[in-house]
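Working through the structure, step by step
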Amino acid sequence: PAALRAWAEAARALKVVVHDGVDARGRVRTAVAERLPFHTYRAEDGHRVLVGRGAADNDRLTVTVARPQDLWLHARGYPGAHVVVPLQKGEPAPQGALLDAATLAAHHSDARGQDLVEVTWTERRYVRKARRSPVGQVTIDRERVLALRVEPARLARLLSSREDR
């Protein structure tokens, strides 16, 4: 029993298995924890920044998780993560969170390591998934482009703020 408890604790810490109690025969019940389709970072102003983990996760983040008023970002012209900044209805795009999210979009793309990266951003309501489009590919209306000079100190702060380790 002690070894089983240690195993369950290790699995729970890795977010692989959730202890679900003990059944009538004394066996431990477990259930697989749902894997989130994004990593969570914290912008300097306190806003959460959600970064897709891969192409299928990008689709899930953009289509299922993000709300119409949320900010949506992506490194322009490069394969990479979809980035979402959750906002309240009517809340304007906060400049600090926008720069932090753009930095993460550049870092989590094939543009990683470049000093200057163009990042597309808009509200999630203007991003749509076309029928039969490849996984991770979306169509964007009302696109805005931010020319971002990547600041190593900002990037280091953001990477250390990751909440889902």
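This text follows the structure it describes.
Summarised in this report is the structure supplied together with it. (Residues numbered from 1 in each chain as written. Predicted model: local features only at pLDDT ≥ 70, side-chain atom pairs only at ≥ 80, totals over all residues. Heavy atoms only, no water.)

1. Digging into the nonpolar core
This is how it is decided: In this description, a nonpolar core means a group of buried Ala, Val, Leu, Ile, Met, Phe, Trp, Tyr and Cys residues linked to one another through side-chain atoms lying within 4.5 Å. Only protein chains enter the area calculation, which uses a 1.4 Å probe; residues under 20% of their type maximum are buried, those over 50% are exposed, and those in between are partly exposed. Numbering of helices and strands runs from the N terminus, with a helix taken as a DSSP run of H or I at least four residues long and a strand as a DSSP run of E at least two residues long.
Of all hydrophobic cores here, the largest spans 26 residues; its most connected members are Val-49, Leu-73 and Val-85. Among the secondary structure elements, those contributing two or more residues to this core are β4 (48–52), β5 (71–75), β6 (83–85), α3 (95–107), β7 (116–123) and β10 (144–149). Per-element tally for this core: the top contributor is α3, with 7 residues. Grouped together as the second largest cluster of nonpolar side chains are 8 residues, Phe-38, Trp-72, Val-127 and Val-138 included.

2. Points about α3
Worth spelling out the cut-off: By this rule, a helix spans an expected 1.5 Å times one less than how many residues it contains.
The first and last C-alpha atoms of α3 sit 18 Å apart over 13 residues, in line with the 18 Å expected at 1.5 Å per residue. Of all 13 residues making up α3, 10 are buried, and the element is well covered by its neighbours. For α3, the set of buried residues is Ala-97, Leu-98, Asp-100, Ala-101, Ala-102, Thr-103, Leu-104, Ala-105, Ala-106 and His-107.

3. Some details on unusual backbone geometry
With a phi angle near 65°, Arg-132 is a residue other than glycine that sits in the positive phi range. Tracing the sequence through the fold places Arg-132 in the loop between β8 (127–128) and β9 (139–140). By relative accessible area, Arg-132 is classed as exposed at 79%.

4. Section: the packing of α3 against helix α4 (residues 152–160)
We count it as follows: Every axis corresponds to a line fitted to the C-alpha atoms, with the helix fit spanning only the stretch in contact, and the corresponding angles, defined between N-to-C directions, vary from 0 to 180 degrees. Convention used here: angles under 35 degrees read as roughly parallel, angles over 145 as roughly antiparallel, angles from 65 to 115 as roughly perpendicular, and any remaining angle as oblique. Residues count as neighbours in contact if any of their non-hydrogen atoms are within 4.5 Å of one another. Note that Gly is not counted as nonpolar here; it falls among the polar residues with everything else outside the nonpolar set of Ala, Val, Leu, Ile, Met, Phe, Trp, Tyr, Cys and Pro and the charged set of Asp, Glu, Lys and Arg.
Two elements in contact, α3 and α4, have axes whose closest approach is 10 Å; the angle formed by their N-to-C orientations is 85°. What the angle tells us is that α3 and α4 run roughly perpendicular. In contact with Gly-96, Leu-99, Asp-100, Thr-103, Leu-104 and His-107 of α3, α4 contributes Arg-154, Leu-155, Arg-157, Leu-158 and Leu-159. Considered class by class, the residues forming the contact of α3 with α4 number 5 nonpolar, 3 polar and 3 charged.

5. Re the sheet that holds β6
Which entries qualify depends on this criterion: Between any two strands, pairing holds if DSSP finds at least two bridges.
Here we have 6 strands laid out as an open sheet, ordered β3-β4-β6-β5-β7-β10, and antiparallel in their pairing. Across the chains shown, the open sheet's two edge strands, defined by having one partner strand only, are β3 (38–42) and β10. Strand-to-strand twist across the sheet, computed as the mean angle between neighbouring axes with direction ignored, equals 25°. Pairing of β7 with β10 involves 6 bridges; the strand directions are antiparallel.

6. Details of the pairing of β4
Burial analysis of β4 places 4 of its 5 residues in the buried class, which makes it a mostly covered element. Counting the residues that bridge the hairpin from β3 to β4 gives 5 residues, and of these Gly-46 lies at a positive phi of roughly 100°. Pairing analysis gives 2 bridges linking β4 to β6, with the strands arranged antiparallel. Paired with Val-51 across the two strands is Val-83, which belongs to β6.

7. Things to note about the side chain of Thr-120
So the rule is basically this: By the criterion applied in these results, polar contacts are pairs of N or O atoms within 3.5 Å in which, for protein atoms, one can donate a hydrogen and the other can accept it, and in which residues neighboring in sequence qualify only through two side-chain atoms.
Mapped onto the elements of the fold, Thr-120 is located in strand β7. Polar contacts involving the side chain of Thr-120 include one to the side chain of Glu-143, which spans 2.9 Å. When residues no more than four places from it in sequence are discounted, the contact partners of Thr-120 are Trp-72, Leu-73, His-74, Arg-76, Ile-140, Glu-143, Arg-144 and Val-145.

8. Focus: the pattern of salt bridges
Opposite charge on two side chains permits pairing when their charged atoms draw close. We count it as follows: A side-chain nitrogen of Lys or Arg and a carboxyl oxygen of Asp or Glu constitute a salt bridge if their distance falls within 4 Å.
Counting across every chain of the model gives 10 salt bridges. The residue Lys-129 makes a salt bridge to Asp-59 at a minimum N-O spacing of 3.2 Å. Of this pair, Lys-129 sits in the loop between β8 and β9 while Asp-59 sits in helix α2 (residues 55–65), placing them 70 residues apart in sequence. Given the relative accessible area of 29%, Lys-129 is considered partly exposed. Residue class for Asp-59 comes out buried when judged on its relative accessible area of 14%.

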